[in-house]
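So the chains spell out like this:
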There are 2 protein chains.
Amino acid sequence: MARNTQVAADHNAPSVTQILARHVATHPGYLAGGWSAAVDHEAHRTFMNWLGCAVGAAHHEAADAALAAVQMLQPAAQASVLGRKEKVDMASAALVNGITSHTFDFDDTHLKTIIHPAGPVASAVLALAEQLGASGRDVIDALVLGIDVSCRVGNAMYPEHYDRGWHITGSTGTLGAAAACARLLKLDTQKTAMALGIAASQPVGMREQFGTMTKPFHPGAAARAGLMSALLAQHGYTASPKALEAPRGMMQTVSTKNDWNEITGELGQRFEISFNSYKPFACGIVIHPSIDACAQLRAQGVTPAQVERIELKVHSLVLELTGKKEPVDGLQAKFSVYHGCAAGLTFGRAAEEEFSDEVVNRADMVALRRKVVATVDDSIDEASADVTAVLTDGRRVHVFVEHAIGSLQNPMTDAMLDAKFRGMSDAVLGATQTAALIEACWAVGGAGDIRALTALARP
Amino acid sequence: MARNTQVAADHNAPSVTQILARHVATHPGYLAGGWSAAVDHEAHRTFMNWLGCAVGAAHHEAADAALAAVQMLQPAAQASVLGRKEKVDMASAALVNGITSHTFDFDDTHLKTIIHPAGPVASAVLALAEQLGASGRDVIDALVLGIDVSCRVGNAMYPEHYDRGWHITGSTGTLGAAAACARLLKLDTQKTAMALGIAASQPVGMREQFGTMTKPFHPGAAARAGLMSALLAQHGYTASPKALEAPRGMMQTVSTKNDWNEITGELGQRFEISFNSYKPFACGIVIHPSIDACAQLRAQGVTPAQVERIELKVHSLVLELTGKKEPVDGLQAKFSVYHGCAAGLTFGRAAEEEFSDEVVNRADMVALRRKVVATVDDSIDEASADVTAVLTDGRRVHVFVEHAIGSLQNPMTDAMLDAKFRGMSDAVLGATQTAALIEACWAVGGAGDIRALTALARP
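This section reports on the structure supplied with the text. Since the structure is predicted, the reported quantities are computational estimates derived from the model, not experimental observations.

## A short note on the packing of helix α2 (residues 37–56) of chain A against helix α4 (residues 90–103) of chain A
Residues and elements named next belong to chain A. Contact pair α2 / α4: the axes reach a minimum separation of 7 Å and the direction vectors enclose 95 degrees. Put simply, α2 runs roughly perpendicular to α4. Packed against α2, whose contacting residues are Trp-50, Cys-53 and Ala-54, the element α4 presents Asn-97, Thr-100 and Ser-101 at the interface. Of the residues assigned to the contact of α2 with α4, the class counts are three nonpolar, three polar and no charged.

## A closer look at the relation of the copies chain B and chain A
Superposition record for chain B on chain A: RMSD 0.0 Å, screw rotation 180 degrees, translation along axis 0.0 Å. Taken together, the turn and the small shift mark the pair as related by a two-fold rotation axis. Take the interface residues of chain B: 100% of them recur as interface residues in chain A, which is what a same-surface contact looks like.

## Some remarks on the nonpolar core
Residues Val125(A), Leu227(A), Val125(B) and Leu227(B) are the most contacted members of the largest nonpolar core, which totals 324 residues. Not counting residues within four places of it along the chain, the set of residues in contact with Val125(A) comprises Val139(A), Ala142(A), Leu143(A), Gly146(A), Ala180(A), Cys181(A) and Leu184(A).

## Details of the sheet that holds strand β6 (residues 307–314) of chain B
Residues and elements named next belong to chain B. As summarised here, the arrangement of the four strands in space is β7-β6-β8-β9, forming an open sheet in which the pairing is mixed. Edge positions in the sheet fall to β7 (372–376) and β9 (396–401), since each has one partner strand and no second. Each strand of the sheet is rotated relative to its neighbour by a mean of 15 degrees, with strand direction disregarded. Of the pairings in the sheet, the one linking β6 to β7 comprises five bridges and is parallel in character. Along β7, the bridge assignment pairs Val-314 with Val-376. Across the face of the sheet, helix α13 (residues 288–299) comes into contact with β6, β8 (385–391) and β9 while running at roughly 35 degrees to β8.

## Considerations on the pairing of strand β9 (residues 396–401) of chain A
Residues and elements named next belong to chain A. Here six bridges tie strand β8 (residues 385–391) to β9, and the two strands are oriented antiparallel to one another. Each residue of the ladder has a partner; that of Asp-386, found in β9, is Phe-400. Counting the residues that bridge the hairpin from β8 to β9 gives four residues, and of these Gly-394 lies at a positive phi of roughly 90 degrees.

## Some details on the environment of His41(A)
Mapped onto the elements of the fold, His41(A) is located in helix α2. Each C-alpha atom of the pair His41(A) and Gly445(A) lies 9.1 Å from the other, and the pair is 404 residues apart in sequence.

## Examining the environment of Leu82(A)
Residue and element names in this part refer to chain A. Inspection of the secondary structure assignment puts Leu-82 in the loop between β2 (79–80) and β3 (87–88). With 30 C-beta atoms counted inside 10 Å, the residue Leu-82 sits in the buried group. Placed 183 residues apart in sequence, Leu-82 and Gly-265 show a C-alpha to C-alpha distance of 36 Å. For Leu-82, the residues in contact, after removing those within four places along its chain, are Leu-51, Ala-54, Val-55, Ala-58, Asn-97, Thr-100 and Ala-457.

Rules of the game
Residues numbered from 1 in each chain as written. Chains lettered and ligands numbered in written order. Predicted model: local features only at pLDDT ≥ 70, side-chain atom pairs only at ≥ 80, totals over all residues. Axes fitted to C-alpha atoms, helices over the stretch in contact; angles between N-to-C directions. Helix = DSSP H or I, 4+ residues; strand = E, 2+ residues; numbered from the N terminus. Parallel < 35°, antiparallel > 145°, perpendicular 65-115°, else oblique. Contact = placed C-beta atoms within 7 Å. Nonpolar A, V, L, I, M, F, W, Y, C, P; charged D, E, K, R; others polar. Least-squares fit on C-alpha atoms with pLDDT ≥ 70 in both. Core = buried A, V, L, I, M, F, W, Y, C linked by C-beta atoms within 7 Å. Buried ≥ 20, exposed ≤ 12 C-beta atoms within 10 Å, placed from the backbone. Pairing = 2+ DSSP bridges.

Shown next as structure tokens:
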């Protein structure tokens, strides 16, 4: 049974490959006033959130497997595997760090496209920067411009491209990684266009892989492919100068929606990294309002022992995606708004630890989940939640969360990002080194050789 | 301007990921009677034709650029860059050899899908085999099974997938390379399915890249990605067990036509490598009948000096694709049936040398091209050509080629493949070493350690 497609190629697309290449190659950068201090601060938040995720998952079984495969190549010790002792060649470091940064599903989200932009871009650019001895300033500039490329291409193709089956983080990430690495290598417009062109032949990732190690492989493979595309272009390798927009170029091949204005509009004025967000909770975004509401109940003094019943009202989509009533392990719990509520009320948080198999199967958690009564109310936005704790003494405590913590309207504070980072890194690097690494992340835009920072990211 | 797509996912696809994995992992192989001697001989022809192409293009500027980029990783000396002194890590060797094997557009063609199957598969499997010290027998078995995977997936999606913009050699080649490497690593069915699954997230290549170095990059990148997918699976990396066929798996994401029977039909009885073909001439397939006809005129004693006019009758498609009357360089000449006729009559051949800028601009070639008068006749098949040489003395010599040399109906002989190989390799490796390498290729299915052969492929 085949699908039906009517294909009418667009022969009049603007030269977005060239336009993006010029943007990346000739942009003056932050120090020349290229973007605001707020944008630059968001880039630092993106960088440190990404790095913390990568360090946190450094010893996950996916990292072990990927590193074991990479070691078969007997790689040179060029760049750090974040959170581990090993160094590998820079392309392999981009791969492994891209994998670990997305393993917990805890990294950044560009909400307009649900791209996780840092995974491909930062993983590529940091590995290359470490090998080059580039400055922290150049890393952040490259990160801003690389993310601008992948998210603008994503904006143009979303949602059709995603609906079709592409994991948009990997499919656009190769372009972002290539752009960032081209910037770091100081390639001119023509060679940057070649880097984008080579990358355009390598979109990575299908959504069928969600729930397997190949999901986090997507940003890793995109990082690696983007870095190599830039190195190839640097050494004279050629590609089509219309590789993105031509009728048989990348975008028209992988998407039937291509709104070119999303790429060209306000270029150099609006930076997509401004729209990046960070998850406080290690699970899907639709559970966040419910967890937040229950954490607020806890902050108001409500304890699990007092609770007779938790009345939860949410949009139907929340139960559709995360309606698992009796999760039996950590992975299932990530799809259980019931567990989210129990974790919020019990711990006031829901990081990776609160989704461990052990916590999920604790008797008190099982009991508390069963006290959650969820009702569908489509008058409530899917980004909101209405929670009432009915206590054993008959009292009712009500919380309504319009915009959950971590949303664009209610972003995590820098201090919250610090705490999230420590929650992931302390166990890997120790508290002292973690504190120094956090400090280095916030200061990276003013740093000289980036290798001072990467040294702190290894135990 | 967006395209319109009606997407109706097929939720009832057979488990082709598992079916192909079992085919690859459990097939008894040639020595246990798994396929005929004819199939095995075709595998040898595929292997030697591929190797000759890779050696021939070893010093092309695309090879230089790719190798320079790879050297930035300071690779370990694991596997040979064919035709060169350098060794690099096996994944990079797969990349570079995949590039060189397709650089001249002179490699093998699976005519049902216009996949060039050896580039991705053989490049991956030889590099891995060299590192492992595998036997030549295991290499050929892996090649047969890997090509079966990529071409069967190609059969299922062709032509819609290709029409949409995918360079089908790279998009299916990752799967073939992963399958072949999984076989060589002796992975079981479950791990082979994981290798295919990881590979399924990495289709490579858009047709917009034709005419640039990124076209031959596609089989190279597919080879590299397939090899790494197998190594990842070997070390426990996981993917969806339905990565190929699921509604949001690879095939439904990149093609609206998916004829599953093409994958499952006659599996283990019909081997797609049987339908592989080899080009005698270093240009697009539609010019081949015209070159062949003119070479036959030459064989009958007709010389350029005698010719007043060459009357060429061909299908309209031939002139549409290759109607360039006055080519100014080698690349343009590959799209000129006029140059093809001149080369056929002058040299009796049209290898890479006859498409050099120098030959293309020779005064006698320019003059002879101008004597070719082409006429469209759609009663003639596009795989045929009708040529009449009108001589200065008034005589007319007529040749009709129904199936050009190199077609399935009129395949190149082994001796012709030898000559083609020498034409590419003699200048790179010298005649003596080339002769030894040719002999080693024909004997590879009986060879012990493959490294005896790869040593011969380095100067």
